[in-house]
Amino acid sequence: MYRENVLKKKLLDGNPALSCWLHLTSPIAAEIMSLVGYDGAVIDLEHGPVDYLGATSLMHAMSATSTSSIIRVPWNDPVEIKRALDTGVEGIMVPSVDTAEAAQGAVDACCYPPRGIRGAAHILNRASSYGLENERYLRDNVRELLIICQVESLDSVANIEEIVGVDGVDMLFIGPLDLSGSAGELGNFTNPVFVEALARAERAIVESNKLLGGIPRPGDSPLEMFARGYNLVVSSSDVLLLRDAAREDLLKNTPR
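Residues numbered from 1 in each chain as written. Predicted model: local features only at pLDDT ≥ 70, side-chain atom pairs only at ≥ 80, totals over all residues. Heavy atoms only, no water.

Colleague: Looking at this structure, how should I read empty space enclosed by the protein?
Modeller: Taking a probe equal in size to a water molecule and rolling it over the atoms shows the remaining empty space. Per the stated rule, a full pass over the model turns up 1 cavity of 30 Å³ or more. Approximately 40 Å³ is the volume found for the largest cavity. When the residues that make up the lining of the largest cavity are grouped by side-chain class, the tally is 6 nonpolar, 1 polar and 4 charged. (1 Å grid on protein atoms, 1.4 Å probe; cavity = no way out; pocket = protein on both sides within 12 Å on 5 of 7 lines; lining within 4 Å. Points joined across faces, edges and corners; volume = space filled by probe spheres on them. Nonpolar A, V, L, I, M, F, W, Y, C, P; charged D, E, K, R; others polar.)

Next comes the structure, spelled out in structure tokens:
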């Protein structure tokens, strides 16, 4: 059923939000993660094996909770964004947005004409409750949707002041791992080029009217990020939580 985006409302009301990644493609895992109480859950179509049918199954599993669903699409492609929106997802995360023009393209792909270029199938897709809530969906879909563009390169940081000025983008989400690679040393978060770029991006976003999102890197906790002005932190993944808990159990309980 088409519903209010609880995560977006919380963020716009000025409250910090904690979210998680869904990489396992398991509805049971998605149900557990949402029942725990994360504000949002990001279904990863960029780096995960899930497809749009699988993403829909994960949203089914989450639907009994208030956890808002976000799909990270594989690329800034209007076809991918259109297909993701038709599933009824409550947020779109677009990777590698390096320019204001690219950010505008992402917004245009999220909006029906005349504002944008999104193809229309609202008479039958899940986003409008299979057409049962057509009028409400057409009226509210852009207002309820959380549009997130990722800052993941030195080019994006160089253009950050223009990107934050794009109307319709709700959040800029910094990807530290790819940003470190763009800075010349993948995974080196002490590289001065990376440190300077991260600080510049954070400062520009905090000083704008956009929300700031990100993921922790080693030595940087979600609580420290919130203290620096982050509005949304995606703190962990179902894969990482399962992996680390299993490894800890194995190490703790294996006879020596």
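Colleague: Mind showing me how you'd approach the packing of aromatic side chains here?
Modeller: Ring pairs (aromatic) are described by centroid distance and by the angle formed between their planes. Within the structure shown, the criterion is met by 2 aromatic pairs. Aromatic side chains W21 and F173 sit 6.4 Å apart centroid to centroid with 80 degrees between the ring planes, which places their arrangement in the edge-to-face category. Here F173 lies in strand β6 (residues 171-174) and W21 lies in strand β1 (residues 17-22), a separation of 152 residues in the sequence. Residues W21 and F173 agree in their burial class; the two are buried. Note on F189 and F194: the rings are 5.4 Å apart at their centroids and 65 degrees apart in plane angle, and the pair reads as edge-to-face. (Phe/Tyr/Trp six-rings, centres within 6.5 Å; stacked < 30°, edge-to-face > 60°. Helix = DSSP H or I, 4+ residues; strand = E, 2+ residues; numbered from the N terminus. Buried < 20%, exposed > 50% of the residue type's maximum accessible area, 1.4 Å probe, protein only.)

Colleague: Even after reading the chapter, I still don't get the sheet that holds strand β7 (residues 211-214), so can you show me in this structure?
Modeller: Strand pairs in the sheet, formed through backbone hydrogen bonds, run parallel or antiparallel to each other. The 8 strands lie next to each other as β1-β2-β3-β4-β5-β6-β7-β8, forming a closed barrel whose pairing is parallel. Neighbour-to-neighbour, the strand axes of the sheet open up by a mean angle of 25 degrees, direction not taken into account. Where strand β5 (residues 146-151) lies against β6, 4 bridges are found, and the strand directions are parallel. Note that in β6 the partner of I148 across the bridge is M171. Set on the sheet, helix α10 (residues 192-207) makes contact with β5, β6 and β7; between it and β6 the angle comes to about 165 degrees. (Pairing = 2+ DSSP bridges. Axes fitted to C-alpha atoms, helices over the stretch in contact; angles between N-to-C directions. Contact = heavy atoms within 4.5 Å.)

Colleague: Just checking my understanding: could you explain the environment of L179 for this structure?
Modeller: Structurally, L179 is set in helix α9 (residues 176-182). Counting along the chain gives 18 residues from L179 to A197, while the straight-line C-alpha distance between them is 8.2 Å. Excluding its chain neighbours within four sequence positions, the residues that come into contact with L179 are E152, S153, L154, V157, I174, F194, A197 and L198.

Colleague: Mind showing me how you'd approach the state of the cysteines here?
Modeller: Counted under the stated rule, the structure contains 0 disulfides. Free of any disulfide, C111 has its nearest cysteine sulfur in C110, 6.2 Å distant. (Disulfide = S-S within 2.5 Å.)

Colleague: What should I look at first to understand the nonpolar core in this one?
Modeller: The tendency in soluble globular proteins is for nonpolar side chains to be buried side by side. In terms of nonpolar packing, the biggest core is built from 56 residues, with L22, I43, I71, V73, I92, L172 and I174 touching the most fellow members. What L172 contacts, discounting residues up to four positions off in sequence, is C149, V151, I163, V164, I205, K210, L211, L212 and G213. (Core = buried A, V, L, I, M, F, W, Y, C linked by side-chain atoms within 4.5 Å.)

Colleague: When you look at the packing of helix α2 (residues 27-36) against helix α3 (residues 52-62) in this model, what are you seeing that I'm missing?
Modeller: For any two helices packed against each other, the geometry comes down to the angle between their axes and how far apart the axes lie. Two numbers describe how α2 lies on α3: the axes approach to 8 Å, and their chain directions differ by 40 degrees. For the element pair α2 / α3, the angle class is oblique. Once α2 is placed against α3, the crossing between them reads as right-handed. Contacts from P27, A30, E31 and S34 of α2 reach α3 at S57, L58, A61 and M62. Residue composition of the contact of α2 with α3, grouped by class: 5 nonpolar, 2 polar and 1 charged. (Parallel < 35°, antiparallel > 145°, perpendicular 65-115°, else oblique. Left-handed = near helix turned anticlockwise from the far one by under 90°.)

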